[in-house]
Amino acid sequence: MVNNHEITIGIPSGGRLTKLNNCIDSIISNTTVPYNILIIDNGTSPLNQNSISRNDVEINIVSNLQQMSPSESRQYIFYNAKTDYIFFIDEDMEVTSQSINIFFNILNENSHIDIIGGYLKENFYEYPIGYYIGTGLQNNTRGAWKEPISRRRLVRTKILIYKVDFMHPPFLVRKNIINKVNFDDNYKWGSELFDFFFQCKFNNIQCYVNPLVKFLHYPGKYKDTTFKNNREKNNYAGKIYFIKKWDIHISNELRATYFDIFFFRLNRLILSLQKFVSLKIFFMKMSLILLIIIYIILLEFL
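Caption draft 1: Seen up close, the overall build of the protein chain. Within the protein chain, the secondary structure is distributed over 9 helices and 13 strands. Buried positions account for 47% of the 302 residues belonging to the protein chain. Contacts spanning at least 24 positions in sequence make up 78% of the contacts within the protein chain whose residues lie at least 6 apart. A total of about 16400 Å² of accessible surface is found on the protein chain, and carbon and sulfur atoms cover 54% of it.

Put into structure tokens, the structure is as follows:
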């Protein structure tokens with residue numbers, strides 16, 4: 001490898017320039033470990049190098065005549081990175097203080113750990129920090145599923161590094177695991193990460209999470225045409241491919257609690273409402289409606 005103390009930060013991009021720039025700025029502001037950035041440009045309009053270049057940071061853009069899926073993009077990064085470590089992050093995510101540095105130190109100090117992740121926060125909703133992958137029989141059919149792990153439980157028990165089978169990006173991986181696992185480019189949208197971590201589970205790749213390391217998620221629509229535009233079709237095709245590849249069905253994910261489901265749906269509702277009205281105005285209107293309801297109820301009893 002070129003430098004044992006350098007990380008390649010891989011970002012598949014769907015052409016959302018503002019989100020991509022915010023992602024890059026968060027990396028620069030919060031990372032001191034030497035790194036370079038490799039962007040896979042999958043937007044219909046090629047990214048302009050000048051629009052994302054930064055002083056003293058090596059940023060390389062790979063633009064393709066034919067769009068790559070998220071899985072193809074990650075595999076390209078995986079294969080072409082020239083460093084011992086690769087940090088995978090999506091363009092609509094941002095890192096927080098020292099997060100990549102912490103991951104780097106964990107892998108350097110723990111040779112048995114191959115992949116390290118943290119937790120992802122979207123407004124006030126928190127994704128499960130990781131999942132167990134279970135397998136078994138359902139109506140005489142082999143099935144595989146994800147069982148969520150609550151970060152709050154890990155924090156209460158003061159566990160700082162915890163073994164999981166699956167995690168959401170962002171995460172830091174050792175480049176040398178490419179000899180055992182890969183991001184299968186047959187997936188277009190959906191099931192590709194499940195496939196990757198399914199490979200990890202059965203190839204003894206050790207995956208861990210740190211419940212104190214936070215990342216931020218800012219989802220939004222793609223302006224350009226991507227594989228997500230056909231996500232229902234591609235997600236279905238991904239599941240069919242997974243069944244053929246592994247001879248096992250993907251079962252429904254076991255949800256953590258009704259509490260988590262409620263806040264996830266409420267969070268997405270607020271994000272949708274933000275398209276039409278600012279959050280401040282939204283809460284002012286909601287407060288006014290609540291006061292009117294309370295006033296009407298009081299009138300009934302007075």
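Now that the structure has been shown, the text picks up again.
Caption draft 2: Spotlight on the sheet that holds strand β13 (residues 249–250). Spatial ordering of the open sheet is given by β8-β9-β13, a layout of 3 strands whose pairing is mixed. Here the strands that pair on one side only, and so sit at the sheet edges, are β8 (130–138) and β13. Summarising the sheet, β8 and strand β9 (residues 141–149) pair through 9 bridges and their orientation is antiparallel. Bridging from a neighbouring strand, G130 pairs with I149 of β9.

Caption draft 3: Representation of a nonpolar patch on the surface. A surface patch of nonpolar side chains, amounting to about 330 Å² of accessible area, comprises V155, L160, I161 and L212. By the element assignment, L212 lies in strand β12 (residues 207–217). For L212, a relative accessible area of 54% corresponds to the exposed category.

Caption draft 4: Layout of helix α6 (residues 192–202). Within α6, 9 of the 11 residues are buried, which leaves it mostly tucked inside the rest of the structure. Residues E192, L193, F194, D195, F196, F197, F198, Q199 and C200 constitute the buried set of α6. At the C-terminal side of α6, N204 shows a positive phi close to 60 degrees.

Caption draft 5: Representation of the side chain of Q199 within the structure. Following the sequence through the fold, Q199 ends up in helix α6. Relative accessible area serves as the criterion here: at 5%, Q199 is assigned to the buried category. When sequence neighbours within four positions are dropped, the list of residues in contact with Q199 reads K180, V181, N182, K245 and W246.

Caption draft 6: Spotlight on the pairing of strand β11 (residues 171–174). Side-chain alternation along β11 places F171 and V173 on one buried face and L172 and R174 on a second face that is also buried. Both strand β4 (residues 85–88) and β11 contribute to a ladder of 4 bridges, which runs antiparallel. Paired with Y85 across the strands is R174, a residue of β11. Bridging between strand β6 (residues 115–122) and β11 involves 3 bridges; their strand directions are antiparallel.

Caption draft 7: Structural detail: unusual backbone geometry. Cis peptide bonds are those with omega within 30 degrees of zero, and the linkage from P169 to P170 qualifies with 0 degrees. Summarising the element assignment, P170 is placed in the loop between β10 (162–164) and β11. With phi around 65 degrees, D56 is a residue other than glycine that occupies positive phi space. Take D56: it is sitting in the loop between α2 (49–52) and β3 (59–63). What makes D56 exposed here is its relative accessible area of 84%.

Caption draft 8: Representation of the nonpolar core within the structure. Of all hydrophobic cores here, the largest spans 38 residues; its most connected members are I115, F196 and F197. Filtering out sequence-adjacent residues up to four positions away, F196 remains in contact with F78, I115, I177, V181, N182 and F183. Ranked by size, the runner-up nonpolar core spans 34 residues in total, among them I24, L47, I59 and I89.

Caption draft 9: Quick peek at the packing of aromatic side chains. Counting across every chain of the model gives 21 aromatic pairs. Judged by centre distance (5.6 Å) and plane angle (65 degrees), the ring pair of F78 and F183 falls under edge-to-face. Of this pair, F78 sits in helix α3 (residues 70–80) while F183 sits in the loop between β11 and α6; the two residues are 105 residues apart in sequence, bridging distant segments of the chain. Summarising the burial analysis for this pair, F78 and F183 share the class buried. Here Y131 and F166 contribute two aromatic rings whose centre-to-centre distance is 5.4 Å and whose plane-to-plane angle is 80 degrees, an arrangement assigned as edge-to-face. With a gap of 35 residues between them, Y131 in strand β8 and F166 in the loop between β10 and β11 connect regions that are remote in the sequence. On the basis of relative accessibility, which here comes to 3%, the residue Y131 falls in the buried class. Classification of F166 by relative accessible area gives buried; the value is 4%.

Caption draft 10: Structural view of the environment of I161. The residue I161 is located in the loop between α5 (151–156) and β10 in this model. A relative accessible area of 33% means that I161 is categorised as partly exposed. Sequence-wise, I161 and G117 are 44 residues apart; in three dimensions their C-alpha atoms are separated by 9.5 Å. When near neighbours in sequence (up to four residues on either side) are disregarded, I161 contacts I106, I113, Y208 and V209.

Calculation criteria
Residues numbered from 1 in each chain as written. Predicted model: local features only at pLDDT ≥ 70, side-chain atom pairs only at ≥ 80, totals over all residues. Heavy atoms only, no water. Helix = DSSP H or I, 4+ residues; strand = E, 2+ residues; numbered from the N terminus. Buried < 20%, exposed > 50% of the residue type's maximum accessible area, 1.4 Å probe, protein only. Contact = heavy atoms within 4.5 Å. Areas by Shrake-Rupley, 256 points an atom, 1.4 Å probe, with all protein chains shown as cover. Pairing = 2+ DSSP bridges. Patch = residues over 30% accessible without salt bridge, like charges linked within 9 Å, V, L, I, M, F, W, Y side chains within 5 Å. Salt bridge = Lys/Arg side-chain N within 4 Å of Asp/Glu carboxyl O. Core = buried A, V, L, I, M, F, W, Y, C linked by side-chain atoms within 4.5 Å. Phe/Tyr/Trp six-rings, centres within 6.5 Å; stacked < 30°, edge-to-face > 60°.

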